[in-house]
Amino acid sequence: MAMIHETLNEVLPAMIELSEDIYRHPELGFKEFRSRSKVVEILEQAGIPYEDAAYTGLTACLDSGKPGPNIGLIAEFDAVPTLGHPCANEGDYAAHTCGHYAQLGVMLSLFLAIKKSDILKELCGKVTLLITPGEEFCDMDYRKELIRQGKLSYPSGKQEMIAAGVFDTIDIMLSCHAMGLDMTKYHAEIGASLNGFIQKRAVFYGKAAHAGANPEGGINALNAANLAMTGINFLRETFRAEDAVRVHFVMQEGGQTVNTVPSRTQLEMYIRARSTDAIFETNDKVNRALRGGALAINCGLEIQDMPGYFPLHQDKNLTELVKKHILDYMEPSMVAQGTHGFASGDMGDISMMWPTVEIGTAGFEGTIHGKDFKTVDPEQAYCVPAHYFADTVIELLSEGGAAAWKIKEAFVSVMDKKSYLETLDGLNKSTTYEKEN
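Residues numbered from 1 in each chain as written. Predicted model: local features only at pLDDT ≥ 70, side-chain atom pairs only at ≥ 80, totals over all residues. Heavy atoms only, no water.

Pulling in residues and values, what's your account of the environment of Gly125?
Within the secondary structure, Gly125 sits in the loop between helix 3 (100-117) and strand 6 (126-132). C-alpha of Gly125 to C-alpha of Ala241: the two residues are 116 residues apart in sequence and 44 Å apart in space. Excluding its chain neighbours within four sequence positions, the residues that come into contact with Gly125 are Leu62, Asp63, Ser64, Lys66, Pro67, Gly68, Pro69 and Leu397. (Helix = DSSP H or I, 4+ residues; strand = E, 2+ residues; numbered from the N terminus. Contact = heavy atoms within 4.5 Å.)

Structure below.
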């Protein structure tokens, strides 16, 4: 089994170079065309067939030819808008400030090492590489247009792949992500939970009039939006600490011109919480505040809801198995366990239906989603995770997959695929409230 680690050491330098190149050439979700072509080139050079998935994503599978579980290696490769980052694109400000490029380096290195070492002949089952696009929930007008054109059905890569059945044959899900903890103190984060969220857009419709000569003839949609935001802020004292609620918004449109009473304004927001019940309860409160702001000024109101991501709940048994291998590479004091993050990711959707881990990795510097984010320690960002995931895969596919089957058997899903998709579809709606005549 030592052969796979030797092969990893041979493969990693080129994959680190590839990943850092992707860091320097960021692309937003479902626009990862250059990044995808780089991955395709690597797979073709290695003689590994692949399949398209979720518009810009792809999958590839290595099969031992023997019955056994299918282990999924999940990586993302989209960027996020970040003003001021040295590698940010002009126009859409895309920058790799969430570390997705490094996920790709870890999982692609491991996948190639499994192929080149021929380790599967000593194991069983399959290993599937799943490159998932569009994890960052942004650039939504572009995604909605892809949905309108029939190129997508859902706005997230993993949601799209779930619906398309890409994950149906996978038994265990392994992933990693740059962690938000002190990376000088911790080198791994395990068993962390994350918030889920709903995305909302509120459009207030007023009436234009000359702002200087005839403001009384207008209906000020900016005032309605401001009242709604104030109402939401007054609600914050009702949010229970244990629910980890976050409601945050940006004003996408504040009016059309200073000299005209604003006839349309738009707020876009996330409603995040630790549980689906808390998300829905907070959503009801926010809707009342939005309606209250519109009603006070007599504006029309359209509330557009779009399903975001479900809360992430990592499988305890799988976490403990991975932890055992992590501890071969670092001291226990360097492993954080059981933390909660207020951010969200579509790995949460996966965790509803499959045994899942998402290990927090170190080796980065700066603020996640900040203009100073970068790799500072490739050993921690790429090499160490690739090696402990290699050990994890070997254990999961040894002895007929006994460890993997035991984990899968003990796993209790929150929902099945049918109810999951029904819930997503039910959250995707638009509600209109007319102003008084």
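Go over helix 8 (residues 316-326), please, and point to the residues and values.
Regarding helix 8, the residues found buried are Leu318, Thr319, Leu321, Val322, His325 and Ile326. The buried residues of helix 8 occupy one face: seen down the axis, they fall within an arc of 165 degrees. Structurally, helix 8 contributes buried residues whose contacts are with strand 7 (172-178), strand 8 (188-190), strand 14 (335-337), strand 16 (356-361), helix 10 (378-396) and helix 11 (402-410). Put simply, Asp315 is the residue that caps the front of helix 8, since its side-chain oxygen is 3.3 Å from the backbone nitrogen of Asn317. (Buried < 20%, exposed > 50% of the residue type's maximum accessible area, 1.4 Å probe, protein only. Arc of directions from axis to C-beta. Polar contact = N/O pair within 3.5 Å; in protein donor to acceptor, adjacent residues only side chain to side chain.)

Can you explain unusual backbone geometry? Please cite residues and give values.
Excluding glycine, residues mostly carry a negative phi; peptide bonds, for their part, are mostly trans. At Phe30, a residue that is not glycine, the phi angle is positive and equals roughly 65 degrees. The residue Phe30 is located in the loop between helix 1 (2-24) and helix 2 (33-45) in this model. With a phi angle near 70 degrees, His369 is a residue other than glycine that sits in the positive phi range. Look at His369 and you get partly exposed, because its relative accessible area is 39%.

Go over the sheet that holds strand 7, please, and point to the residues and values.
Taken in spatial order, the 8 strands of this open sheet run 1-2-6-3-7-16-8-14, and their pairing is mixed. Edge positions in the sheet fall to strand 1 (51-53) and strand 14, since each of these pairs with one other strand and no more. For this sheet, the mean angle separating the axes of adjacent strands, direction not counted, is 25 degrees. Packed on one face of the sheet, helix 2 meets strand 1, strand 2 (57-63) and strand 6 and runs near 20 degrees to strand 2. Contacts from helix 10 reach strand 3 (70-76), strand 6, strand 7 and strand 16 within the one sheet, and its direction differs from that of strand 7 by about 170 degrees. (Pairing = 2+ DSSP bridges. Axes fitted to C-alpha atoms, helices over the stretch in contact; angles between N-to-C directions.)

Could you give me a rundown of the pairing of strand 10 (residues 196-205), with the residues and numbers involved?
Within strand 10, 9 of the 10 residues are buried, leaving the element largely enclosed by the surrounding structure. With 10 bridges connecting them, strand 10 and strand 12 (residues 264-273) associate as antiparallel partners. By the bridge assignment, Ile198 is partnered in strand 12 with Ile271. Across 8 bridges, strand 10 lies against strand 13 (residues 300-307) in antiparallel orientation. The residue of strand 13 that forms the bridge with Tyr205 is Gly300.

Please give an account of the packing of aromatic side chains that cites residues and values.
One pass over the structure, following the stated rule, counts 13 aromatic pairs. The interplanar angle of 70 degrees and the centroid separation of 6.3 Å between the aromatic rings of Phe137 and Tyr270 together place this pair among those described as edge-to-face. Placement of Phe137 in the loop between strand 6 and helix 4 (140-148) and of Tyr270 in strand 12 is noted, with a sequence separation of 133 residues between them. The same class applies to Phe137 and to Tyr270, which are both buried. When the centroid spacing of 4.3 Å and the interplanar angle of 25 degrees are considered together, the rings of Phe197 and Tyr270 count as stacked. Here Tyr270 lies in strand 12 and Phe197 lies in strand 10, a separation of 73 residues in the sequence. Summarising the burial analysis for this pair, Phe197 and Tyr270 share the class buried. Chaining the aromatic ring pairs together yields one cluster made of Tyr23, Tyr101, Phe364 and Phe373. (Phe/Tyr/Trp six-rings, centres within 6.5 Å; stacked < 30°, edge-to-face > 60°.)

Explain the packing of helix 2 against helix 3 to me, using residue names and the numbers behind them.
The interhelical angle for the contact between helix 2 and helix 3, taken along N-to-C directions, is 15 degrees, at an axis separation of 11 Å. With respect to their mutual orientation, helix 2 and helix 3 come out roughly parallel. The way helix 2 lies across helix 3 gives a crossing that is right-handed. Residues Val39, Ile42 and Leu43 of helix 2 form the contact with helix 3, whose own contacting residues are Leu104, Leu108, Phe111 and Leu112. Class assignment of the residues belonging to the contact of helix 2 with helix 3 gives a composition of 7 nonpolar, no polar and no charged. (Parallel < 35°, antiparallel > 145°, perpendicular 65-115°, else oblique. Left-handed = near helix turned anticlockwise from the far one by under 90°. Nonpolar A, V, L, I, M, F, W, Y, C, P; charged D, E, K, R; others polar.)

Could you give an account of helix 2, with specific residues and numbers?
Taking 1.5 Å of rise per residue, the 13 residues of helix 2 would be expected to cover 18 Å, and the 18 Å separating its terminal C-alpha atoms lies within 8% of that figure. Within helix 2, the full set of buried residues consists of Ser35, Arg36, Val39, Val40, Ile42 and Leu43. Down the axis of helix 2, the buried side of the element spans an arc of 160 degrees, and every buried residue falls inside it. In this structure, the buried residues of helix 2 make contact with helix 1, strand 1, strand 2, helix 3 and strand 6. (Expected span 1.5 Å × (residues − 1).)

Explain the side chain of Ser64 to me, and be specific about the residues and the numbers.
The topology assignment puts Ser64 in the loop between strand 2 and strand 3. Since its relative accessible area comes to 18%, Ser64 is described here as buried. From its side chain, Ser64 meets the backbone nitrogen of Lys66 in a polar contact 3.1 Å long. Within the structure, Ser64 has its side chain in polar contact with the backbone oxygen of Gly125 (distance 2.8 Å). In this structure Ser64 touches Leu120, Leu123, Cys124 and Gly125, once residues within four positions along its chain are discounted.

Can you lay out the sheet that holds strand 13 for me, pointing to particular residues and giving the numbers?
Read from one edge to the other, the open sheet built from 5 strands follows the order 11-12-10-13-19, with strand pairing classed as antiparallel. Looking at the sheet topology across the chains shown, the edges are occupied by strand 11 (246-253) and strand 19 (429-433). Neighbouring strand axes in the sheet, compared pairwise and without regard to direction, differ in orientation by 20 degrees on average. Of the strand pairs in this sheet, strand 11 and strand 12 are connected by 7 bridges, and their pairing is antiparallel. Directly across from Phe249, in strand 12, lies its bridge partner Met269. Packed onto the sheet, helix 12 (residues 417-427) meets strand 10, strand 13 and strand 19 and runs at close to 160 degrees relative to strand 13.

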